[in-house]
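Observations on the three-dimensional arrangement
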Amino acid sequence: MYAEAAAQLGGDLAKSKIALVFGGGRVGLMGILADSVLAAGGKAIGVMPRALVEKEIAHTSLTELHVVESMHQRKSLMADLADAFLLLPGGFGSWEEFCEVLTWLQLGIHRKPCAILNVAGYYNGLLSLAEPWRKDSSGRRTTEW
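Residues numbered from 1 in each chain as written. Predicted model: local features only at pLDDT ≥ 70, side-chain atom pairs only at ≥ 80, totals over all residues. Heavy atoms only, no water.

1. Section: the packing of aromatic side chains
- What the rule picks out here adds up to three aromatic pairs.
- Centroid distance Phe92 to Trp95: 5.0 Å. Interplanar angle 80°. Geometry classified as edge-to-face. Of this pair, Phe92 and Trp95 both sit in helix α5 (residues 92-107), three residues apart, which is roughly one turn of that helix.
- Phe92 gets classed as exposed once you look at its relative accessible area, which sits at 67%.
- When the ring of Tyr122 is compared with that of Tyr123, the centres are 4.8 Å apart and the planes differ by 80°; the resulting orientation is edge-to-face.
- Given a relative accessible area of 34%, Tyr122 falls into the partly exposed group. (Phe/Tyr/Trp six-rings, centres within 6.5 Å; stacked < 30°, edge-to-face > 60°. Helix = DSSP H or I, 4+ residues; strand = E, 2+ residues; numbered from the N terminus. Buried < 20%, exposed > 50% of the residue type's maximum accessible area, 1.4 Å probe, protein only.)

2. A short note on the nonpolar core
- Ala6, Leu9, Leu13, Leu20, Phe22, Leu33, Ala34, Val37, Ala44, Leu62 and Leu88 form the largest nonpolar core, which has eleven residues in total.
- At the level of elements, α1 (2-15), β1 (20-22) and α2 (28-39) are the ones that each hand at least two residues to this core.
- Excluding residues within four positions of it along the chain, Phe22 makes contact with Met30, Ala34, Ala44, Ile45, Gly46, Val47, Leu62 and Met78.
- Grouped together as the second largest cluster of nonpolar side chains are eight residues, Ala79, Ala82, Phe85 and Cys114 included. (Core = buried A, V, L, I, M, F, W, Y, C linked by side-chain atoms within 4.5 Å. Contact = heavy atoms within 4.5 Å.)

3. Considerations on the environment of Tyr2
- Position of Tyr2 relative to the elements: it lies in helix α1.
- Placed 118 residues apart in sequence, Tyr2 and Ala120 show a C-alpha to C-alpha distance of 8.4 Å.
- Residues in contact with Tyr2, not counting those within four places in the same chain, are Leu29, Pro89, Val119 and Tyr122.

4. Let's talk about the sheet that holds strand β3 (residues 64-68)
- Read across the sheet, three strands follow the order β1-β2-β3 without closing on themselves; strand pairing throughout is parallel. Looking at strand neighbours, the two that pair on one side only are β1 and β3, the edges of this open sheet. Sheet twist, expressed as the mean angle between neighbouring strand axes with direction ignored, is 15°.
- Of the pairings in the sheet, the one linking β1 to strand β2 (residues 44-49) comprises three bridges and is parallel in character. Within β2, the position partnered with Val21 by the bridge is Ile45.
- Where α2 meets the sheet, its contacts fall on β1 and β2, and the angle it forms with β1 comes to roughly 155°.
- Those strands touched by helix α4 (residues 71-81) are β1, β2 and β3, and its axis lies near 160° from that of β2. (Pairing = 2+ DSSP bridges. Axes fitted to C-alpha atoms, helices over the stretch in contact; angles between N-to-C directions.)

5. With respect to unusual backbone geometry
- Residues other than glycine seldom take positive phi values, yet Lys17 does so here, at roughly 60°.
- Looking at the secondary structure, you find Lys17 in the loop between α1 and β1.
- On the accessibility criterion, Lys17 (76% relative accessible area) is exposed.
- The residue Glu56 is not glycine, and still its phi comes out positive at about 65°.
- Checked against the element boundaries, Glu56 lands in the loop between α3 (50-54) and β3.

Put into structure tokens, the structure is as follows:
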């Protein structure tokens, strides 16, 4: 069901002419997402540290692949290139990157939308944990994500 959601999202992004900016990998849900964006005629832009490119996990069919030297550079460039941030089901790296852009939003470093694709309740626990801090763009508490 996670793979199906990623593939559907990729087609929807391409149809809406929204480019995908992501970590540049060919594996996992993000690889499926990138493949579906590209298959539907969309743009997929990857940002990957050289060490991971050298381990041969870079997606080789992307519209663009930016090779950087560190994870810090990767996150900075991805944040600069992106117009919004979306968390798909994933692990600690995905959570960490999303929590960082949420923190940047909270601190006023950016004003870009942040959302979670909560497939089959995957992130219900995380959403419960974050409940006390949920606020809208004006800083008022809200019930929407």
